[in-house]
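Given next are the chains, with one letter for each unit.
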Amino acid sequence: MNNSVTETDHVDWAGVFYRIRQQPQMIVGMIIVALVLCTMVFAPWIAPYEPTKLDILNRLAPPSGNHWFGTDQIGRDIFSRVIYGSRISVTVGLGVVLLAMRTGAVIGAFSGLAGGKVDTAIMRIMDVMLSFPSFVMAIALASALGPSLTNAMLAIAVLRIPFYVRLARGQALSLRERSYVKAAETFGSSRIRIVWRHIVPNALPPILVQAMLDIGAAILTASALSFIGLGAQEPAAEWGAMVATGRNFLLDQWWFPTFPGLAILTTAIGFNLFGDGLREIFDPRAQGR
Amino acid sequence: MSFANMIRRRLLFLLLVVFGVSLVTFVISHMIPGNPAEMIAGDKAPRELVEKIYKDMGLDRPVLVQYFKYISNLLQGDLGTSIRTQRPVLNDILIFFPATLELAIVALSISIIFGVPLGVISALRKDKVVDHIGHTVSVTGISTPAFWLGLLLIYFFYGKLGILPASGRIDSSIAPPAHVTGLYLVDSLIAGDWPAFKSTVNHLILPALTLGFIHLGVVMRQIRSAMLEVLREDYIRTARASGLSPTRIVLDHALRNALIPSVTIIGLAFGDLLYGAVLTETIFAWPGMGNYVVLSITALDFPAIMGFTIVASTVYVLVNLMVDLLYAALDPQIRAIG
């Protein structure tokens, strides 16, 4: 990724719009992401029922006009729960990525600019962390911290940090050698000013692209942890936890685990298509292919 | 860097990783709420018994002493005793490892058999309809929750059609083949046990499809981008200009060179497969390491979790090392330097 910032470092917006039009999948991704965000914001208006409203007489009802996605084992409306579930999943996805990105970027930039033994030591630690089988470590961390959504989020974020450290360090190293940074140094700009004026804004695009690509994965991992009981707990309307409960009713009430899982799949596809498109646009190595 | 040097450095790194992992898992196990001695003794155990177990386990000693004890045991291959199964953790892992390995190999084969041709076609038809469809398939694979896909497959093939089993490695009415490799497919062939082989295949289909589909996207994506890179090379243009058939150019010249960088990525995917199988194994009650660790975690069985994590990380790094060696063996440029 060292060459992922062009020497001029300005974004060619006309080119960006041209390349977005070249990528129908990215537009699909953007639409899905926009829909998910709208669902999240307007959940109370979209959902026909309260996500925790019980209707015991109507338990395990198949999909119908009243309950589009059917009802669960205590008569809650699955459609409403899926709608509200977007709030949990998107929050977790964004939370994981923001946490990992901010921590990783700070460590990486520091490491790159510090250089020498400090840099070597930090990067070795990151190499070791990258060699951990990440899902197993996430399980171990999350179970140690105790089963809750926040802890699941923390566990996933910690294991994503090394990726951002590497990226930010690479950016810091390559930007440090840029002519305009050298020029700023020559003209006596302070170190802090150079970092904030030149390094941070120019190092951001590739890191943000990576972050977009990570949101989908973070949502998937969080739902997986919830599925095995380490994330969100009842009565939270979390998609992975809903699939876990629905699993017991799979053969006779297929709708129960199917719709929450479909929500995870759709959301992840949306973020992944969008992230892929961004990478195509901002990574020069992916361009011109 | 010479070849021997590279291996030496990587082995050193492996030690570093195992040390790092042991440190992390040790810290984790001390963060886990609940007293392990109470868990072993059971709910209604008298106070004295709990204290005795606590002392026997060395839990009353300083943390540092406990850690060094743990490390020295580790170096002797002693990963501790599982609280849940009351067996040495290493034994447990050796029992469950072949099932995971078998599932991972079959799943990886599925993702390669479908992923490589799809990746090649996508690259050759870049930005055409086929490429867009291929991209959609690969993104869907990466975005699918394994546990959910597994459930859907069980619903259709077990629940509706009733043609495939939903759990386990082999029918309970059929005796597992005599242990040679631990891989039922291989063992049943060696024993010439046709019913056992058939039953194993039937049990493998759904979990392997689940895992394989999720990794299909990774393989496809990698092959596509490697092919695109290779297709722009001068020697491909030369081959075209000299009038070689397009099929020969693609298979003999392009794909062979595109496979070299792909080995690394697919090797990494294999490492992930071994341990990413956790969810798939849970869904299909597949008696592998993933299932073992989930059960251990629900039982707060920390020696088992620590042991598993250490073995898992060691194998993970070893697989990466082997992949690097394979890569070096395949790539004439690296071979020349070595």
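How each quantity is defined
Residues numbered from 1 in each chain as written. Chains lettered and ligands numbered in written order. Predicted model: local features only at pLDDT ≥ 70, side-chain atom pairs only at ≥ 80, totals over all residues. Heavy atoms only, no water. Salt bridge = Lys/Arg side-chain N within 4 Å of Asp/Glu carboxyl O. Buried < 20%, exposed > 50% of the residue type's maximum accessible area, 1.4 Å probe, protein only. Helix = DSSP H or I, 4+ residues; strand = E, 2+ residues; numbered from the N terminus. 1 Å grid on protein atoms, 1.4 Å probe; cavity = no way out; pocket = protein on both sides within 12 Å on 5 of 7 lines; lining within 4 Å. Points joined across faces, edges and corners; volume = space filled by probe spheres on them. Nonpolar A, V, L, I, M, F, W, Y, C, P; charged D, E, K, R; others polar. UniProt positions renumbered as here; feature names shortened; annotations may be inferred. Core = buried A, V, L, I, M, F, W, Y, C linked by side-chain atoms within 4.5 Å. Contact = heavy atoms within 4.5 Å. Buried area = accessible area lost by both parts, 1.4 Å probe. Polar contact = N/O pair within 3.5 Å; in protein donor to acceptor, adjacent residues only side chain to side chain.

## A few points about the pattern of salt bridges
All names here are of chain A.
- Summed over all chains, the structure comprises 13 salt bridges over all chains.
- Note that arginine 81 and aspartate 72 form a salt bridge whose closest N and O atoms lie 3.8 Å from each other. Side by side, arginine 81 and aspartate 72 carry an identical accessibility label, which is buried.
- The shortest N-O distance in the salt bridge between aspartate 214 and arginine 160 comes to 2.7 Å. On the criterion of sequence distance, the pair formed by aspartate 214 in helix α9 (residues 191-227) and arginine 160 in helix α7 (residues 149-176) is long-range, its members being 54 residues apart.
- Put simply, Asp72, Arg76 and Arg81 are held in one network by salt bridges that share partners.

## Details of the layout of surface pockets
Residue and element names in this part refer to chain B.
- Computed from the structure, the second largest pocket encloses a volume of approximately 600 Å³.
- Lining the second largest pocket are 23 residues, with Met57, Asn73, Gly80, Phe302 and Pro303 positioned closest to its centre.
- Contributions of two or more residues to the lining of the second largest pocket are made by α1 (3-31), α4 (63-75) and α13 (302-330).
- Per-element accounting of the lining of the second largest pocket gives the leading share, five residues, to α4.
- Across the lining of the second largest pocket, the residue classes break down as 11 nonpolar, eight polar and four charged.

## Here's the deal with the environment of B:Ile260
- The residue B:Ile260 is located in helix α11 (residues 246-283) in this model.
- Once the C-alpha coordinates of B:Ile260 and B:Leu326 are considered, the two residues, 66 residues apart in sequence, prove to be 9.0 Å apart.

## Quick word on the UniProt feature "transmembrane region" (unreviewed entry) in chain B
Residue and element names in this part refer to chain B.
- Under the present numbering, the feature "transmembrane region" (unreviewed entry) in UniProt falls on residues 12-32, 103-124, 136-158, 204-223, 258-284 and 304-330.
- Across residues 136-158, the secondary structure splits into 91% helix and 0% strand, with the terminal C-alpha atoms separated by 28 Å.
- Regarding residues 204-223, the helix share stands at 100% and the strand share at 0%, and the terminal C-alpha atoms are separated by 26 Å.

## Description of the nonpolar core
- Counting residues in hydrophobic clusters, the biggest one holds 164 residues, and the most contacted among them are A:Ile78, A:Ile139, A:Leu225, B:Ile93, B:Phe147, B:Met227 and B:Leu279.
- Aside from chain neighbours lying at most four places away, what touches B:Phe147 is A:Ser223, A:Ala224, A:Phe227, A:Gly240, A:Val243, A:Ile264, B:Leu279 and B:Ile283.
- In terms of nonpolar packing, the next biggest core, distinct from the first, is built from six residues, A:Val181, A:Ile194, A:Ile199 and A:Ala203 among them.

## Some points on the interface of chain B and chain A
- The interface of chain B with chain A comprises 46 residues on the first partner and 43 residues on the second.
- For the pair chain B and chain A, the summed buried area comes to about 4000 Å², and 76% of that belongs to carbon and sulfur atoms.
- Of all residues in chain B, B:Phe147, B:Trp148 and B:Tyr155 give up the largest surface area on contact with chain A, accounting jointly for 15% of the area buried on that side.
- For the interface between chain B and chain A, the tally reads one salt bridge.
- For the interface between chain B and chain A, the tally reads nine residue pairs in polar contact (both at pLDDT 80 or more).
- A per-class count over the side of chain B that touches chain A returns 30 nonpolar, 11 polar and five charged.

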